[in-house]
Amino acid sequence: MSSVLLILNRRILGDTLIKTMKDSPQFQLHTEYEYNNAVSAARTIQPAVAVLELSNSGEWTIEKCIALCDRLKEACFGVKILVLCPEGNKEACNSTVTAVQAGRVDDFVFYDSSRKYLISKLESMTQNGG
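These figures come from a predicted structure and were not determined experimentally.

Caption draft 1: Geometry of the packing of aromatic side chains. On inspection of all chains with the given rule, the structure shows 2 aromatic pairs. The interplanar angle of 45° and the centroid separation of 5.3 Å between the aromatic rings of Tyr35 and Trp60 together place this pair among those described as tilted. Highlighted residues: Tyr35 in the loop between strand E2 (27–32) and helix H2 (38–45) and Trp60 in the loop between strand E3 (49–53) and helix H3 (62–75), separated in sequence by 25 residues. By relative accessible area, Tyr35 is classed as buried at 4%. Residue Trp60 is classed as buried on the basis of its relative accessible area, which comes to 9%. Note on Phe108 and Phe110: the rings are 5.4 Å apart at their centroids and 75° apart in plane angle, and the pair reads as edge-to-face. Owing to a relative accessible area of 31%, Phe110 belongs among the partly exposed residues under this scheme. The residue whose ring lies beneath Arg10 is Tyr111, and the NZ or CZ to ring-centre distance is 4.4 Å. Cation over ring: Lys64 sits above Trp60, and NZ or CZ is 4.6 Å from the ring centre.

Given below as structure tokens:
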């Protein structure tokens, strides 16, 4: 079983994912809704994958979220980072692609992707090392 840390701005998304995947023997999901607590939670949980929702508003700008990915990688050796990217935000899309190319993020999915697609990404990232 692989631990997955969901770092999300929208609690409803986390609740939906947990409900959808509650019977999955493959994943143990943990949630953190306070971005300021994400590194501490990751150190405690030591997830195989951290899923980070890029915030569309508030103090957590796109660059601040990408910088959080760097801190997560530093805090948890070998953690894979999967970003949830808002498809309608050009800055977020460009920053995400740049972060993937630089190795700061391992992969991404758009907000409007299906849960099934997100789950397949998680399966891929936990089964074969990314």
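Caption draft 2: Spatial organisation of the sheet that holds E3. Read from one edge to the other, the open sheet built from 5 strands follows the order E2-E1-E3-E4-E5, with strand pairing classed as parallel. Looking at strand neighbours, the two that pair on one side only are E2 and strand E5 (107–110), the edges of this open sheet. The mean angle between the axes of side-by-side strands here comes to 20°, regardless of whether they run parallel or antiparallel. Sheet topology places strand E4 (residues 80–85) next to E5; 4 bridges connect them, and they run parallel. Along E5, the bridge assignment pairs Leu82 with Asp107. On top of the sheet, H2 reaches strand E1 (2–7) and E2; it is set at about 170° to E1, its chief contact. Packing against the sheet, helix H4 (residues 90–101) makes contact with E4 and E5, and its axis sits at approximately 160° to E5.

Caption draft 3: Summary view of the packing of H2 against H3. Contact pair H2 / H3: the axes reach a minimum separation of 9 Å and the direction vectors enclose 25°. When the axis of H2 is compared with that of H3, the two are roughly parallel. Relative to H3, H2 is oriented so that their crossing is right-handed. Taking contact as the criterion, the partners of Ala38, Val39, Ala42 and Arg43 in H2 are, on H3, Leu68, Arg71, Leu72 and Ala75.

Basis of the calculations
Each chain has its residues counted from 1, running along the sequence as written. With the structure being a predicted model, the display of local features is reserved for residues of pLDDT at least 70 and the display and counting of side-chain atom pairs for 80 or more, all residues being used for whole-chain, interface and lining totals. Excluding hydrogens and water, the side-chain values take into account all heavy atoms of the structure. Note on ring pairs: Phe, Tyr and Trp rings are taken, using the six-membered ring of Trp, and paired if centres are within 6.5 Å. Classes follow the plane angle, with under 30 degrees stacked, over 60 edge-to-face and the rest tilted. Helix and strand assignments come from DSSP, with helices taken as H or I runs of at least 4 residues and strands as E runs of at least 2, each series counted from the N terminus. For each residue, the accessible area found with a 1.4 Å probe, counting protein chains only, is set against the maximum for its type, and the residue is called buried under 20%, exposed over 50%, and partly exposed in between. Should the NZ of a Lys or the CZ of an Arg lie within 6 Å of a ring centre and within 35 degrees of the ring normal, that charge is described as sitting over the ring. Strands are labelled as partners when DSSP assigns at least two bridges between them. Note on geometry: axes are C-alpha line fits, over the in-contact stretch for helices, and angles between N-to-C directions span 0 to 180 degrees. It only takes one pair of heavy atoms within 4.5 Å for two residues to be counted as in contact. Just so you know how the angles are binned, under 35 degrees is roughly parallel, over 145 roughly antiparallel, 65 to 115 roughly perpendicular, and the rest oblique. What makes a crossing left-handed is the near helix being turned counterclockwise from the far one by less than a right angle; a clockwise turn instead makes it right-handed.

Shape descriptors only; they carry no functional weight alone.
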